[in-house]
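Analysis of the macromolecular model
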Amino acid sequence: MAKPVIGLSTYLEPSVRWGVWDLPAAVLPAGYHRLVQHAGGLATLLPPDDPEQARAAVALVDGLVISGGPDVEPERYGAEPHPQTGPAYRERDAWELALIEAALATGTPLLGICRGMQLLNVVLGGTLMQHLPESVGHDGHCGPPGVFEHHEVKPVPGTRLSEVLPEAMAVPTYHHQAVDRLGRGLLASAHAEDGTLEAVELSDGSGFVLAVQWHPEAGEDLRLMEALVAAAQSL
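These numbers were taken from a predicted model, which means no experiment stands behind them.

**Some words on the layout of surface pockets**
Roughly 790 Å³ of volume is contained in the largest pocket. What lines the largest pocket is a set of 37 residues, and nearest its centre among them are Gly68, Gly69, Pro70, Asp71 and Tyr174. Listing elements by their share of the lining of the largest pocket, those giving two or more residues are strand E2 (11–18), helix H1 (30–38), helix H3 (90–106) and helix H4 (115–123). Of the residues forming the lining of the largest pocket, the biggest block, 3 residues, is contributed by E2. When grouped by side-chain class, the residues that make up the lining of the largest pocket number 17 nonpolar, 14 polar and 6 charged.

Dropping the structure here:
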């Protein structure tokens, strides 16, 4: 049986050095494609494109991962920027929002990671908390620059997430923002000990749409990606 193809959103960096070259490049940490491969999928990278091409891109894959990255532009959810909110990446926002909309419209299995969870919430009309109190290096959500922290998350019983991850567990994490008001049709499916929302899913259980605030690609637990691969395989 052929392996399901899992598309991974990437991001465009204006200057990336390798060897003698310093050029614009579409990049993604290797942990993402390795996680897909170890979970039994065939990873393919989706470089940024015109949002009108999102449905065509999603049609080429069996499952979709929206990767982590910078803050979502507050204008996307009707807010003014917080002093701690990072610079806008409008082209990436537009592309990944369009990918999520295409996946939802076509029933393509979807896994959002960190920023991907926040974008899913925004697509469905939700809002974000732009800066968690004491978030950098104090409450376990974000370590020093470039260093993942770990904290415990507790799945909500009876959710799809709890079927995949039934127990409380420590997860790798790096974020200073979080979901505030839930988007339409979304259900909270995990929380951190401080109450921060750590996972969401579609409340009606239709298809596979799941998103987590942590970074499974930075750990060794394959279960989330295995669940996405299994959902993609079953189509």
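**Here we look at the pattern of salt bridges**
Charged atoms that come close allow side chains of opposite charge to pair. What the rule picks out here adds up to 7 salt bridges. A salt bridge links arginine 115 to glutamate 96; its shortest N-O distance comes to 2.8 Å. Residue arginine 115 is located in helix H4, and its partner glutamate 96 is located in helix H3; the two are separated by 19 residues in the primary sequence. The same class applies to arginine 115 and to glutamate 96, which are both buried. Ionic contacts of the salt-bridge type, sharing partners, join the residues Arg92, Asp93, Glu96 and Arg115 into one network.

**Some remarks on H3**
The end-to-end C-alpha distance of H3 is 24 Å, a good match for the 24 Å that 17 residues give at a rise of 1.5 Å each. Residues Arg92, Asp93, Trp95, Glu96, Leu97, Ala98, Leu99, Ile100, Ala102 and Ala103 constitute the buried set of H3. Phi for glycine 107, located one or two positions after H3, is positive at around 75 degrees.

**A few points about a nonpolar patch on the surface**
Judged by side-chain polarity, Trp18, Val20, Trp21 and Leu23 come together as a nonpolar surface patch covering roughly 460 Å² of accessible area. Relative to the helices and strands, tryptophan 21 resides in strand E3 (residues 21–27).

**A closer look at the pairing of E2**
Two faces make up the sheet, and in a regular strand the side chains alternate between them. Pairing of E2 with E3, which is carried by 6 bridges, proceeds in the antiparallel orientation. Bridge pairing links tryptophan 18 to tryptophan 21 in E3. Here E2 hands over to E3 after 2 residues, with glycine 19 in that stretch at a positive phi of 60 degrees.

**Here's the deal with the sheet that holds strand E13 (residues 209–212)**
Overall, mixed pairing links the 9 strands, which are arranged E4-E1-E5-E6-E13-E12-E11-E8-E9 in an open sheet. Two strands lie at the open edges of the sheet, namely strand E4 (42–46) and strand E9 (169–173), each paired on one side alone. Ignoring strand direction, the axes of neighbouring strands in this sheet form an average angle of 25 degrees. As judged from the 4 bridges shared by strand E6 (residues 110–113) and E13, these two strands associate in the parallel manner. The partner of leucine 110 across the bridge, within E13, is valine 209. Contacts between H1 and the sheet are confined to strand E1 (5–9), E4 and E6, with E1 contributing the most and set at about 165 degrees to the helix. Taken strand by strand, H4 contacts strand E5 (63–66), E6, strand E11 (186–192), strand E12 (197–202) and E13, and its axis lies near 115 degrees from that of E6.

**Looking at H1**
Quick reminder: α-helices carry 3.6 residues per turn. Residues three or four places apart thus point the same way. Buried within H1 are the following residues: Tyr32, Leu35 and Val36. Buried residues along H1 cover an arc of 100 degrees about the axis, so they all sit on one side. Packed against the buried residues of H1 are E1, E4, E6 and helix H6 (223–233). Immediately beyond the C-terminal end of H1, within one or two residues, lies glycine 40, with a positive phi of roughly 100 degrees.

The rules we used
- Residues numbered from 1 in each chain as written.
- Predicted model: local features only at pLDDT ≥ 70, side-chain atom pairs only at ≥ 80, totals over all residues.
- Heavy atoms only, no water.
- 1 Å grid on protein atoms, 1.4 Å probe; cavity = no way out; pocket = protein on both sides within 12 Å on 5 of 7 lines; lining within 4 Å.
- Points joined across faces, edges and corners; volume = space filled by probe spheres on them.
- Helix = DSSP H or I, 4+ residues; strand = E, 2+ residues; numbered from the N terminus.
- Nonpolar A, V, L, I, M, F, W, Y, C, P; charged D, E, K, R; others polar.
- Salt bridge = Lys/Arg side-chain N within 4 Å of Asp/Glu carboxyl O.
- Buried < 20%, exposed > 50% of the residue type's maximum accessible area, 1.4 Å probe, protein only.
- Expected span 1.5 Å × (residues − 1).
- Patch = residues over 30% accessible without salt bridge, like charges linked within 9 Å, V, L, I, M, F, W, Y side chains within 5 Å.
- Areas by Shrake-Rupley, 256 points an atom, 1.4 Å probe, with all protein chains shown as cover.
- Pairing = 2+ DSSP bridges.
- Axes fitted to C-alpha atoms, helices over the stretch in contact; angles between N-to-C directions.
- Contact = heavy atoms within 4.5 Å.
- Arc of directions from axis to C-beta.

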